[in-house]
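# Understanding the architecture of this molecule
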Amino acid sequence: MAESLRDQLLKSGLVKEIREEKRKPAPPARQGGNTSASGQPYAGDRPKQGGKPHGGGNARNKGGPNPAGRPPRHAGKPGAPAQRPPRKDGEIDLAKAYAIRAQNEAAERRRVEAEAAEQARLRKEKKRKVEELLKGKALNLPDADQVRHFPYGEKIRRVYVDTAQLAALNAGELGVVQQGGRYLVVDKTVIEELRGIAPEFIALMVDPNAADESDDGVPDDLMW
């Protein structure tokens, strides 16, 4: 019997005998997870009891009840912030009340400061007008030797005049004004202008139509 080509090649040593092994067919690829060599899903991919997958997350980490039905770990912890009960109608939060009071106090301080600033501005303006009015109007004489006393600012004041000025003061033709701690003798017209600007600076102005004696019973022309 003639030898086959395969036998001839084996005898010549050109081809070694190849044993054919039965290879197991590759398992089909599992969708959505790994499978074992037997085609069964791994134990880690099998759904746990209750229909939830093994890798679906820890209930404790999500803050929900754990598998045993226990409440979350942080629930009821000592020191956890207690829930504030709902406020009743008309009840104001304490912090809000403090904020409202602070706003009101700040507004009141601003109002007082603004009022004080306005008063200071008015005083400064009045002083400027008085200075302009009295500039160059003083009739005081350096060699005056007569003393005229008068009440002003709850005290008895005095100004030095001559004989003619004393008579004019008592007749209401001259007057005395206060400026910067000094007492200036001025004409009646100046007194009338000053009366419309700052009457509080008028220290002495005799009304010729009034009685001869002042309210305190002391004659205006008395030398004392």
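Residues numbered from 1 in each chain as written. Predicted model: local features only at pLDDT ≥ 70, side-chain atom pairs only at ≥ 80, totals over all residues. Heavy atoms only, no water.

### Considerations on the nonpolar core
- If you look at the biggest cluster of nonpolar residues, it comprises 14 residues, and the most contacted ones within it are F150, V159, V161, V176, Y183, V185 and A203.
- At the level of secondary structure, the elements contributing two or more residues to this core comprise β1 (146–152), β2 (155–161), α3 (163–171), β3 (174–179), β4 (182–187) and β5 (202–204).
- By residue number, the principal contributor to this core is α3, which donates three residues.
- Residues in contact with A203, not counting those within four places in the same chain, are F150, P151, Y152, V176, V177, Q178 and Y183. (Core = buried A, V, L, I, M, F, W, Y, C linked by side-chain atoms within 4.5 Å. Buried < 20%, exposed > 50% of the residue type's maximum accessible area, 1.4 Å probe, protein only. Helix = DSSP H or I, 4+ residues; strand = E, 2+ residues; numbered from the N terminus. Contact = heavy atoms within 4.5 Å.)

### A few points about the side chain of R148
- For R148, the position within the fold is in strand β1.
- A polar side-chain atom of R148 sits 3.0 Å from a polar atom in the side chain of N170. (Polar contact = N/O pair within 3.5 Å; in protein donor to acceptor, adjacent residues only side chain to side chain.)

### Concerning the packing of helix α2 (residues 94–134) against helix α4 (residues 188–197)
- It is the contact of α2 with α4, at a shortest axis distance of 11 Å, that shows an interaxial angle of 170°. As judged from the angle between their axes, α2 and α4 are roughly antiparallel. Where α2 approaches α4, its residues K126, K129, V130, L133 and L134 are matched on the opposing element by V190, E193, L194 and I197.
- When its residues are assigned to classes, the contact of α2 with α4 shows six nonpolar, no polar and three charged. (Axes fitted to C-alpha atoms, helices over the stretch in contact; angles between N-to-C directions. Parallel < 35°, antiparallel > 145°, perpendicular 65-115°, else oblique. Nonpolar A, V, L, I, M, F, W, Y, C, P; charged D, E, K, R; others polar.)

### Overview of the sheet that holds β4
- Taking strand neighbours across the sheet as the criterion, the three strands line up as β4-β3-β5 in an open arrangement whose pairing is antiparallel. What marks the edges here is a single partner per strand, and that holds for β4 and β5. Neighbour-to-neighbour, the strand axes of this sheet turn through a mean angle of 40°, independent of strand direction.
- Alignment of β3 against β4, held across six bridges, turns out to be antiparallel. Paired with V177 across the bridge in β4 is L184. (Pairing = 2+ DSSP bridges.)

### Quick notes on the confidence of the model for the protein
- Mean pLDDT over the protein: 74, with 55% of residues reaching 70 or higher.
- Of all secondary-structure elements in the protein, the lowest mean pLDDT belongs to helix α1 (residues 5–12), at 70, while β2 reaches the highest, 95.
- Scored below 50 in pLDDT, residues 53–64 shows 16 contacts in the model against residues more than four places distant or in partner chains. (pLDDT = per-residue confidence, 0-100.)

### Quick look at α2
- In a regular helix each residue adds 1.5 Å, so 41 residues correspond to 60 Å; α2 covers 60 Å between its end C-alpha atoms and thus fits that length.
- Three or more residues of α2 are buried, namely A106, V130, L133 and L134.
- Those residues of α2 that are buried are in contact with β3, β4 and α4.
- With a side-chain oxygen positioned 3.0 Å from the backbone nitrogen of A95, the residue opening α2 is D93.
- In the segment just after α2, G136 is the residue with positive phi, at about 75°. (Expected span 1.5 Å × (residues − 1).)

### Observations concerning α4
- Every buried residue belonging to α4 is among V190, I191 and L194, and all of these are buried. Angularly, the buried residues of α4 cover 100° about the axis, an arc narrow enough to put them on a single face. (Arc of directions from axis to C-beta.)

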